[in-house]
Amino acid sequence: MALIDALSRCQHNASLKELSLSTHLHRSTACRILEALHRHGYVDRVATGFYRLGTKARTVKNATTDIEVQAHNTLERVRDAVGETVSIARFNESHAIFTSCMSGGRVPLIDLAEGTAVPLHAAACGKLWLGECGVHAVNVYAARFGLAALTSATVTDVEKLLHETRRAHKRGYGREFDEVEQGYASIATLISDCNGPIAALSIHAPRARLDMRWITLLQAHAVLLTQQLCQKHAA
């Protein structure tokens, strides 16, 4: 979200150098994230090395304002409890977009940048989201976007994806091991407002450190955040 925030503050087309300086990201890291956001329509590249906020990003940013504010303390509490990277993700028709991330600071460090987009079939939160959407949505997603392999462990078979999304929906959390990046894993649960699920709360860690007992903690904080969002909308 840092790059999107920086672009939203600009009254002009912003250069890569300017965005790198304002977000304290290395130029190569900023360039990689901007190009990923450009591919998915969240950033417009107006000239070589110059960018502006895309229509999708403006829509997502407006939609996430409430949850970003409400979720900050939740992210801090979960991060402090487990010592690992935590995140909030929103969803579009093909990807989970990580709009807020906090690093746990443990080595090896998971460098999950705000604005990172991960295909739904690979992300723990994405599989849970697809399970919430139902069988038809999974089949449409697979037919339209394909099931590209990010690693050798990524699910690339639609029947296996259907099985995993059903299971995630039934147990109330998603998980992935080595599917986004070899040696790393994540668990996720959904956050809702009064109209239903709108985002996900996740923990990301090296596979050897991920403790499945954290799911109870994750779900408890997601319930509290859901209650806060519903109370805010009802006020």
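Each remark here, short or long, concerns the structure printed above.
Residues numbered from 1 in each chain as written. Predicted model: local features only at pLDDT ≥ 70, side-chain atom pairs only at ≥ 80, totals over all residues. Heavy atoms only, no water.

Digging into helix 7 (residues 158-171)
The terminal C-alpha atoms of helix 7 lie 20 Å apart, and with 14 residues this matches the ideal 20 Å at 1.5 Å per residue to within 8%. Those residues of helix 7 lying buried are L161, L162, E164, T165 and A168. For helix 7, the secondary structure elements touched by its buried residues are helix 5 (124-133), helix 6 (135-145) and strand 7 (174-177). Where helix 7 starts, the residue carrying a side-chain oxygen 3.1 Å from the main-chain nitrogen of E159 turns out to be D157. (Helix = DSSP H or I, 4+ residues; strand = E, 2+ residues; numbered from the N terminus. Expected span 1.5 Å × (residues − 1). Buried < 20%, exposed > 50% of the residue type's maximum accessible area, 1.4 Å probe, protein only. Contact = heavy atoms within 4.5 Å. Polar contact = N/O pair within 3.5 Å; in protein donor to acceptor, adjacent residues only side chain to side chain.)

A short note on the packing of aromatic side chains
For the structure shown, the criterion picks out 2 aromatic pairs. Note on F91 and W129: the rings are 4.4 Å apart at their centroids and 15° apart in plane angle, and the pair reads as stacked. Of this pair, F91 sits in strand 4 (residues 85-91) while W129 sits in helix 5; the two residues are 38 residues apart in sequence, bridging distant segments of the chain. Just as F91 is buried, W129 falls in that class too. Ring centres of Y141 and F145 lie 5.6 Å apart, and the angle between their planes is 45°; this geometry places the pair in the tilted category. Of this pair, Y141 and F145 are both found in helix 6, 4 residues apart, which corresponds to roughly one turn of the helix. With relative accessibility at 4%, the residue Y141 sits in the buried group. Looking at F145, the relative accessible area reads 34%, which means it is partly exposed. (Phe/Tyr/Trp six-rings, centres within 6.5 Å; stacked < 30°, edge-to-face > 60°.)

Focus on unusual backbone geometry
Non-glycine residue H24 carries a positive phi angle of around 60°. Structurally, the position occupied by H24 is in the loop between helix 2 (16-23) and helix 3 (27-39). Residue H24 is classed as exposed on the basis of its relative accessible area of 74%.

Notes on the pairing of strand 8 (residues 184-193)
Where burial is concerned, most of strand 8 is hidden: 9 out of the 10 residues are buried. The pairing of strand 7 with strand 8 spans 4 bridges and is classified as antiparallel. Each residue of the ladder has a partner; that of F177, found in strand 8, is A185. In sequence, strand 7 turns back onto strand 8 through a hairpin of 6 residues, with D178 there showing a positive phi of about 70°. Bridging between strand 8 and strand 9 (residues 196-206) involves 10 bridges; their strand directions are antiparallel. Within strand 9, the position partnered with A188 by the bridge is S202. (Pairing = 2+ DSSP bridges.)

Details of the packing of helix 5 against helix 7
Close contact between helix 5 and helix 7 brings their axes to 7 Å; oriented N to C, the two are set at 85°. Put simply, helix 5 runs roughly perpendicular to helix 7. Contacts from K127, L128, L130, G131 and E132 of helix 5 reach helix 7 at L161, E164, T165, A168 and H169. Residues belonging to the contact of helix 5 with helix 7 are distributed by class as follows: 4 nonpolar, 3 polar and 3 charged. (Axes fitted to C-alpha atoms, helices over the stretch in contact; angles between N-to-C directions. Parallel < 35°, antiparallel > 145°, perpendicular 65-115°, else oblique. Nonpolar A, V, L, I, M, F, W, Y, C, P; charged D, E, K, R; others polar.)

Examining the pattern of salt bridges
Across all of its chains, the model carries 10 salt bridges by this definition. For R144, the salt bridge goes to E93, with nearest N and O atoms at 2.9 Å. Here the residue R144 occupies a position in helix 6, and E93 occupies one in the loop between strand 4 and strand 5 (95-102), the gap between them amounting to 51 residues. Residue E93 is classed as partly exposed on the basis of its relative accessible area, which comes to 45%. The closest approach of N and O atoms between K127 and E164, which form a salt bridge, is 2.7 Å. Here K127, found in helix 5, pairs with E164, found in helix 7; they are 37 residues apart in sequence, far enough to count as distant. Members of the salt-bridge network, linked through shared partners, are E84, R106 and R209. (Salt bridge = Lys/Arg side-chain N within 4 Å of Asp/Glu carboxyl O.)

A few points about the nonpolar core
Grouped together as the largest cluster of nonpolar side chains are 27 residues, with contacts concentrated most on F91, A96, F98, L120, C125 and L161. Elements that contribute at least two residues to this core include exactly strand 4, strand 5, helix 5, helix 6, helix 7 and strand 8. The greatest single-element share of this core, amounting to 5 residues, is contributed by helix 5. Dropping the residues within four chain positions of it, A96 is found in contact with A89, R90, F91, T116, A117, V118, L120, A123 and C125. (Core = buried A, V, L, I, M, F, W, Y, C linked by side-chain atoms within 4.5 Å.)

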